[in-house]
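Here is what each chain is made of, one letter per residue.
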Amino acid sequence: VPEWVRPFIDKDKIINDKAYSNIVLQNDLDGLSSADKRLATTIIYGTLQNYRLLRYQWAHLVKKMPGKRIGILIDMSVYQLLMMDKIPSYAIVNEANLLAGKYKSFVNAILHKVMDQGLVYGSDDVNLSVEKWLYEMFLAHYGKDKANSILKSYLDKAILYGRINSLVCTKE
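Residues numbered from 1 in each chain as written. Predicted model: local features only at pLDDT ≥ 70, side-chain atom pairs only at ≥ 80, totals over all residues. Heavy atoms only, no water.

1. Quick word on the environment of leucine 54
To keep it simple, the criterion reads: Runs of E in the DSSP output that reach at least two residues are strands. Runs of H or I that reach at least four are helices, and both are numbered from the N terminus. Whether two residues are in contact is decided by their heavy atoms, any of which lying within 4.5 Å being enough.
Structurally, the position occupied by leucine 54 is in helix H4 (residues 51–58). Sequence-distant contacts of leucine 54, defined by excluding residues within four places in its chain, comprise Gly46, Thr47, Asp75, Val78, Tyr79 and Met83.

Set out below in structure tokens:
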């Protein structure tokens, strides 16, 4: 399996097979370079974290929703196009077309329309990528400003902390 296909396969397992993302990533990313592991992890977790916002970017462009696998492929591609700057857009579209098989023209058209429209914002629950019922619960408990602040913090990149065990190592 080519390295660039692994995030798609992993995301499919996580969404459609209801597999745990950390276990899928741990098992399936062995053998990749550390840079490729970071990229695949960023794509998968970023797509999961921003799922509703990503789906909002393209769902209005189709008359009939595609199958689950093609939907996942479009979500991942839209994430890379709109929220990452490491990969050129022509490469993202090309890889998506290679994975799309007989749906190549459909995926190609959707991705080009998304690139033309840019990032489109919707209601607060969509922008924060949370289900409407959850957003309304936070809204009822905390008010709009506090609810948005709390839910937005879930989208922020987590701070990495390190701790030195002084019992195991010394200053030298």
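2. As for helix H7 (residues 104–117)
Heads up, the condition is: One less than the residue count of a helix, multiplied by 1.5 Å, gives the span that helix is expected to have.
The terminal C-alpha atoms of H7 lie 20 Å apart, and with 14 residues this matches the ideal 20 Å at 1.5 Å per residue to within 8%. In the segment just after H7, glycine 118 is the residue with positive phi, at about 75°.

3. Comments concerning the pattern of salt bridges
Let me state the cut-off plainly: Just to be clear on terms, a salt bridge is a Lys or Arg side-chain nitrogen sitting within 4 Å of an Asp or Glu carboxyl oxygen. Whether a residue is buried, partly exposed or exposed follows from its accessible area with a 1.4 Å probe, protein chains only, as a fraction of its type maximum: under 20%, in between, or over 50%, in that order.
Under the criterion given, the structure shown has five salt bridges. Between arginine 52 and aspartate 125 there is a salt bridge, with the nearest N and O atoms lying 2.9 Å from each other. Taken as a pair, arginine 52 in helix H4 and aspartate 125 in helix H8 (residues 124–127) lie far apart in primary sequence, 73 residues in all. In this structure aspartate 125 comes out as buried when scored by relative accessible area, which is 4%.

4. Notes on the confidence of the model for the protein chain
Short version of the rule: Per-residue confidence from the predictor is given as pLDDT, running between 0 and 100.
Of all residues in the protein chain, 93% attain a pLDDT of 70 or more, and the chain-wide mean is 87. By mean pLDDT, the top-scoring element of the protein chain is H7 (96), and the lowest-scoring one is helix H1 (residues 6–16) (70).

5. Some points on the layout of surface pockets
The gaps left among the atoms become clear once a water-sized probe is rolled over them. Basically, it comes down to this: Using a 1 Å grid laid over the protein atoms alone, points where a 1.4 Å probe fits but cannot get out form a cavity; open sets with protein on both sides within 12 Å along at least 5 of 7 lines form a pocket; any residue with an atom within 4 Å of a point counts as lining. Grid points are joined across faces, edges and corners, and a volume is the space filled by probe spheres set on the points. Residue classes follow a fixed rule: Ala, Val, Leu, Ile, Met, Phe, Trp, Tyr, Cys and Pro count as nonpolar, while Asp, Glu, Lys and Arg count as charged, and any other residue, Gly among them, counts as polar.
Quantified by volume, the largest pocket comes out at close to 640 Å³. Forming the walls of the largest pocket are 20 residues, and the residues nearest its centre are Thr41, Thr42, Tyr45, Tyr79 and Lys157. When residues of the lining of the largest pocket are traced back to their parent elements, those giving at least two are helix H3 (34–49) and helix H5 (68–83). A per-element tally of the lining of the largest pocket places H3 first, with eight residues. Here the residues of the lining of the largest pocket sort into 10 nonpolar, five polar and five charged.

6. Considerations on the packing of aromatic side chains
Counted only if it meets this: Working definition: a ring pair exists when centres of Phe, Tyr or Trp rings (six-membered ring for Trp) sit within 6.5 Å. Plane angles under 30 degrees give stacked, over 60 give edge-to-face, the rest tilted.
What the rule picks out here adds up to one aromatic pair. Judged by centre distance (5.8 Å) and plane angle (40°), the ring pair of phenylalanine 138 and tyrosine 142 falls under tilted. With phenylalanine 138 and tyrosine 142 both in helix H9 (residues 132–142) and four residues apart, this pair spans about one turn of that helix. What makes phenylalanine 138 buried here is its relative accessible area of 13%.

7. Observations concerning the environment of phenylalanine 138
Counting along the chain gives 10 residues from phenylalanine 138 to asparagine 148, while the straight-line C-alpha distance between them is 8.4 Å. With residues near it in sequence (within four places) discarded, phenylalanine 138 still touches Gly143, Ala147, Ile150 and Leu151.

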